[in-house]
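If you want the building blocks of each chain, they are given just below.
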Amino acid sequence: AKRNKLVFGIGVSTDSGPRLSVEHTNHQVPGIGWRAVSKLLLDRDTQSIGTELTSQPDQDNWRWVTSGLLKNENAASVKVRSQTLRAGRSQSGERIDRNIYLQYDRSNTTSLGLTTLAQAVSANYAWTQRNFDSLPFPSAGYGLGLELGGGWTLGNQREPFLRTQLHWLGIWSLGAGQDRISAARMGRIAVRAQAGAVLARPATDLPSTQLFLTGGDASVRGYGYHEIGARLANGQIIPGRYLASGGVEWQRPIRINDQPSDWESTLFVDAGAVADKPNELKARVGLGAGVRWKSPVGPLQMDLAYGVAVKKVRLHLSVGFTF
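Each chain carries its own residue numbering, running from 1 in the direction its sequence is written. Only residues with pLDDT of 70 or above have their local features reported here, since the model is predicted, and side-chain atom pairs are shown and tallied only from 80 upward, although totals for entire chains, interfaces and linings are computed over all residues. Side-chain calculation: all heavy atoms of the structure are included, whereas hydrogens and water are not.

A.B. asks: In this structure, what is going on with the pattern of salt bridges? I would like to understand it.
C.D. replies: Note on pairing: side chains with opposite charge can pair once their charged atoms come close. For this document, the term salt bridge refers to a Lys or Arg side-chain nitrogen within 4 Å of an Asp or Glu carboxyl oxygen. Counting across every chain of the model gives 14 salt bridges. A salt bridge links Asp43 to Arg19; the shortest N-O distance between them is 3.9 Å. With Asp43 in strand 3 (residues 35–43) and Arg19 in strand 2 (residues 17–26), the pair connects residues that are 24 residues apart, well separated along the chain. Here Arg163 and Glu147 are joined by a salt bridge, their closest N and O atoms 3.7 Å apart. Remark: Glu147 occurs in strand 9 (residues 141–153) and Arg163 occurs in strand 10 (residues 160–173); sequence separation between them is 16 residues. Here's how the labels work: a residue is buried when its accessible area is under 20% of the maximum for its type, exposed when over 50%, partly exposed in between, all with a 1.4 Å probe on protein chains only. A residue is classified by how much of its surface remains accessible, and Glu147, at 26% relative accessible area, is partly exposed. Residues joined in a network through salt bridges with shared partners are Arg192, Arg221, Glu249, Asp270, Arg292 and Asp303. A run of H or I in DSSP counts as a helix once it spans at least four residues, and a run of E counts as a strand once it spans at least two, with each numbered from the N terminus.

A.B. asks: Can you help me understand unusual backbone geometry in this one?
C.D. replies: Cis geometry is adopted by the peptide bond preceding Pro136, which originates at Leu135 and carries an omega value of 10°. For Pro136, the position within the fold is in the loop between strand 8 (114–132) and strand 9. Phi at Asn61 is positive, roughly 70°, even though this residue is not glycine. When you line up the elements, Asn61 lands in the loop between strand 4 (46–54) and strand 5 (62–75). Here the phi dihedral of Lys311 falls at roughly 55°; this positive angle occurs in a residue that is not glycine. Structurally, Lys311 can be placed in the loop between strand 17 (298–307) and strand 18 (312–319).

A.B. asks: For this particular structure, what's the right way to read the nonpolar core?
C.D. replies: Proteins that are soluble and globular tend to have nonpolar side chains buried together. Grouping buried Ala, Val, Leu, Ile, Met, Phe, Trp, Tyr and Cys residues that are joined through side-chain atoms within 4.5 Å yields what is termed a nonpolar core. In this structure, Ala120, Phe161, Val198, Leu206, Leu211, Phe212, Leu243 and Val274 together form the largest nonpolar core, which totals eight residues. The next biggest cluster of nonpolar side chains, apart from the first, holds six residues, and it includes Ala75, Val80, Leu213 and Ala230.

A.B. asks: Would you mind showing me how to read the pairing of strand 3 here?
C.D. replies: In summary, the side chains of a regular strand alternate between the two faces of the sheet. By this definition, two strands are paired if DSSP reports at least two bridges between them. Bridge analysis of strand 2 against strand 3 gives eight bridges, and the strand direction is antiparallel. Considered in strand 3, the bridge of Thr25 is made with Val37. Where strand 3 lies against strand 4, eight bridges are found, and the strand directions are antiparallel. Within the sheet, the bridge partner assigned to Leu42 lies in strand 4 and is Gln47.

A.B. asks: Can you walk me through the packing of aromatic side chains in this structure?
C.D. replies: Geometry of an aromatic ring pair is reported as the spacing of the ring centres plus the angle between the planes. Any pair of Phe, Tyr and Trp rings, taking the six-membered ring for Trp, is counted once the centres come within 6.5 Å. Such a pair is stacked with planes under 30 degrees apart, edge-to-face with planes over 60 apart, and tilted for the rest. Considering all chains together, one arrives at four aromatic pairs under this definition. Seen from their ring centres, Phe132 and Phe323 are 6.2 Å apart, and the 75° between their planes marks the pair as edge-to-face. Highlighted residues: Phe132 in strand 8 and Phe323 in the segment after strand 18, separated in sequence by 191 residues. Exposure remark for Phe132: the relative accessible area of 6% places this residue in the buried category. The class of Phe323 is partly exposed, set by a relative accessible area of 23%. Ring geometry for Trp263 and Trp293: centres 5.8 Å apart, planes at 15°, overall stacked. Residue Trp263 is found in strand 15 (residues 259–275), and its partner Trp293 is found in strand 16 (residues 284–295); the two are separated by 30 residues along the sequence. Exposure remark for Trp263: the relative accessible area of 33% places this residue in the partly exposed category. Feature note: the residues Phe132, Phe321 and Phe323 constitute an aromatic cluster, connected by ring pairs. Arg86 extends its terminal NZ or CZ atom over the ring of Tyr101, reaching a point 3.9 Å from the ring centre. Charge-over-ring contacts are defined here by two conditions on Lys NZ or Arg CZ: a distance within 6 Å of the ring centre and an angle within 35 degrees of the ring normal. One cation-aromatic arrangement involves Arg221 over Phe268; the distance from NZ or CZ to the ring centre is 3.8 Å.

A.B. asks: What is the right way to read the layout of surface pockets from this model?
C.D. replies: Gaps between atoms show up when a probe of the same size as a water molecule is rolled over them. Taken as a whole, the second largest pocket spans an internal volume of roughly 580 Å³. Any residue with an atom within 4 Å of a point lines the site, the site being either a cavity, points on a 1 Å grid over the protein atoms alone where a 1.4 Å probe fits but cannot get out, or a pocket, an open set with protein on both sides within 12 Å along at least 5 of 7 lines. Forming the walls of the second largest pocket are 25 residues, and the residues nearest its centre are Asp205, Leu211, Ile238, Pro239 and Asp276. Counting residues per element, the ones that place at least two in the lining of the second largest pocket are strand 7 (96–111) and strand 8. When its residues are assigned to classes, the lining of the second largest pocket shows 12 nonpolar, eight polar and five charged. Grid points are joined across faces, edges and corners, and a volume is the space filled by probe spheres set on the points. Gly falls in the polar group here, along with every residue not listed as nonpolar (Ala, Val, Leu, Ile, Met, Phe, Trp, Tyr, Cys, Pro) or charged (Asp, Glu, Lys, Arg).

A.B. asks: Please explain the side chain of Thr109 as it appears in this structure.
C.D. replies: Looking at where Thr109 falls in the secondary structure, it is placed in strand 7. A distance of 2.7 Å separates the side chain of Thr109 from the side chain of Ser208, its partner in a polar contact. Sequence-distant contacts of Thr109, defined by excluding residues within four places in its chain, comprise Val78, Lys79, Val80, Leu114, Thr115, Thr116 and Ser208. Polar contact criterion, stated in full: a pair of N or O atoms within 3.5 Å, where within protein one must be able to donate a hydrogen and the other to accept it, and residues adjacent in sequence count only if both atoms are side-chain atoms. Should any heavy atoms of two residues lie within 4.5 Å, those residues are counted as being in contact.

A.B. asks: Looking at this structure, how should I read the environment of Glu264?
C.D. replies: Note on placement: Glu264 falls in strand 15. Among the residues examined, Glu264 registers a relative accessible area of 8% and is labelled buried. For Glu264 and Leu117, which are 147 residues apart along the polypeptide, the C-alpha to C-alpha distance reads 47 Å. With sequence-adjacent residues up to four places away left out, Glu264 is seen in contact with Arg188, Gln251, Arg252, Pro253, Ile254, Gly290, Val291 and Arg292. Here the side chain of Glu264 touches Arg188 through a polar contact of 2.5 Å, side chain to side chain.

Any link to function would need more than the numbers given here.
Structure below.
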């Protein structure tokens, strides 16, 4: 491979509108021999620029990683300007990934013309297992991810906090024990669940980058990207300390001339909630139908969903399978 690579991207997303990206990769930075990947991303709600430096792997496939990210984002009813620095080690395998890192977060959150500054430093561990039968088109198996971190806020107010997040995806065939053709006709069920919590004193100001929002193509369909959050008395939506979301989807192959095709039909129900207290979690439900296409670049997902709380129909488009 050549030492330098430059990639330009242009596209559109139902979550964030038109998108433009520029990414530069240097496979061997002079003096240290690490790989550097720098990316500029511009879309309707987010503008970000960041870089990541990664060392060569050791005999156990562990790498040193350091990164920095500057981001401006319209998140729910607030505007967030954030800076994130991270340094640690990562190990990537065929089925299991591990990350251990220190992180510094700084965010300026603007709501109703008032800006709140919050800073924090934390130590974190992330573990992900993928046990699917095939990627990027799984028909059975499961994935499990766990994140656990803790640290202190900085500035005039120094308070400890803990943060944890769990996400899981399971896929089961409805035709277990039957012949291949019958099993394909019955399809499969995919169940997704996600939960998160930040534990700290009620008066602690935490960076918005450590809090939660949900909604959009990959979470609760029928709602806009990060449209579901903690609700203030004035009706504003802000990032919250607790997250719970999930969904159930029935996926069936579309047969053409009685033969399986690269297309599938789906029916689904999603639900999710974000709040600052567990007893304030109130689910926002979305339901709908869609189609999938096994495209050369991964699964193409096209869904039409109805958001029960907002009484609106929304189109969702996305490409690829990630866990």
